[in-house]
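Listed below, chain by chain, are the residues.
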Amino acid sequence: MPELPEVETVRRGLHRFVVGRHVQRVEVGRERTVRRTSRQQLIDGLTGTTIIGANRRGKYLLLPLDSGDEVMIHLRMSGQVLIADAGAVRPPHTHVVAHLAPGVGYGAQELWFVDPRTFGEVVVFDPTNVAVEIPDLARLGIDPIADDLSLAVLRRLLRARHRLLKPLLLDQHVIAGIGNIYADEILHEARLRPDRMSDELGPAGERRLHDAIHRILPAAVSAGGSTLGDAQYVDLFGAGGSYQDAHRVYGRTGERCITCGVGWIRRTVSAQRSTHFCPRCQR
DNA sequence: AAACAAACCTGTGCGC
DNA sequence: TGCGCACAGGTTTGTT
């Protein structure tokens, strides 16, 4: 569910409300959530530390601790990070609880990791050993918001490969953070079909793709991300985003294209993911 | 090298 | 009302 704009929204919440807080106690319910290491390793690595930062790389949340370790949180399909008053009733599928000490101006609170489908994970790791402890994080591609994805760099990424655009945009080892919703929205904005080949776009197509990435993602971040009907994605306080109202193709199969007013939105499957585009706007 | 298929889980919505 | 199936914001692993 959450892609770069949603994860970035959570990161900003953590930066504002959790950085500087001391972790007094940690509970782990479902062991699957901490499967990269173990229940005990998460408890031992987090208890008694202070969270000193809130960073993001692609869809990975990274919280540096005063111990020198970092917490990595990946929400995958259904993960949520929520903040609540100490003792509040927890929702079903709350797998990790970090008890945050009270401070000046606020009381004791709890940070919850909630995840019905249990694809998500939480782990404490040693960032100097990331290549061994979290190989996929170490091999992540360029982040279009946190890093500088220039037109020249994007051109090189596109031309060095012979790939369909949709699977390429979803490939976290190339560009980190774009998921199924934003891949479709970016390709529509760029007026490129999802089945175009990356090395056959031409300078104009490459430029449109570059522009689209840098228009869609920041706009979605500003809107607090996309929250669909099931409200699975919410921010730290349980509030949804509003970018779903700006979707032009995602979830609009069979509807008239908002952009051209002539085409009809088609749904195909690419990279095993539903793919939406306007055959008239996108070529 | 790159696309495809299955797997990991739970919940929801829809047709019958 | 209930059942069964399709589908869901992601990623990994193994196969063509």
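Residues numbered from 1 in each chain as written. Chains lettered and ligands numbered in written order. Predicted model: local features only at pLDDT ≥ 70, side-chain atom pairs only at ≥ 80, totals over all residues. Heavy atoms only, no water.

J.: Sorry, what's going on with the protein's contact with DNA strand B here?
T.: Lining the immediate environment of DNA strand B, one finds 14 residues, of which H93, P116, R117, L164 and Q272 sit closest. Each atom of DNA strand B within 4 Å of the protein was assigned to sugar, phosphate or base; sugar and phosphate come to 53%. For DNA strand B, a sugar or linking oxygen lies 3.4 Å from a polar atom in the backbone of P116. Interatomic distance of 2.8 Å between a side-chain N/O atom of R117 and a base oxygen of DNA strand B. Each residue belonging to the surface near DNA strand B can be placed in one class, and the counts come to five nonpolar, four polar and five charged. (Near = heavy atom within 4 Å. Polar contact = N/O pair within 3.5 Å; in protein donor to acceptor, adjacent residues only side chain to side chain. Nonpolar A, V, L, I, M, F, W, Y, C, P; charged D, E, K, R; others polar.)

J.: How do you make sense of the nonpolar core when you look at a structure like this?
T.: For soluble globular proteins, the rule of thumb is that nonpolar side chains tend to be buried together. L14, L42, V71, I73, V81 and L111 are the most contacted members of the largest nonpolar core, which has 30 residues in total. Apart from residues lying up to four places away in sequence, L14 is in contact with V19, A54, L61, L63, V81, L111 and L236. Counting 27 residues, the second-largest nonpolar core is a separate cluster that includes I142, I175, L192 and L201. (Core = buried A, V, L, I, M, F, W, Y, C linked by side-chain atoms within 4.5 Å. Buried < 20%, exposed > 50% of the residue type's maximum accessible area, 1.4 Å probe, protein only. Contact = heavy atoms within 4.5 Å.)

J.: So what exactly am I meant to see when it comes to the domain arrangement of chain A here?
T.: By a widely used convention, the size of an interface equals the accessible area lost when the partners come together. Looking at the assigned domains, one finds that chain A contains domain 1 (4–138) and domain 2 (151–248). Each of domain 1 and domain 2 has a C-alpha centre, and the two are 26 Å apart. Domain 1 puts 21 residues into the contact, and the matching count from domain 2 is 21 residues. Inspection of the region where domain 1 meets domain 2 yields seven residue pairs in polar contact (both at pLDDT 80 or more). Those elements that provide at least two residues to the side of domain 1 that touches domain 2 are α1 (4–17) and β5 (80–85). It is α1 that provides the largest number of residues to the side of domain 1 that touches domain 2, a total of ten residues. Among the residues making up the side of domain 1 that touches domain 2, the classes are represented as eleven nonpolar, five polar and five charged. (Domains from an automatic or database assignment. Helix = DSSP H or I, 4+ residues; strand = E, 2+ residues; numbered from the N terminus.)

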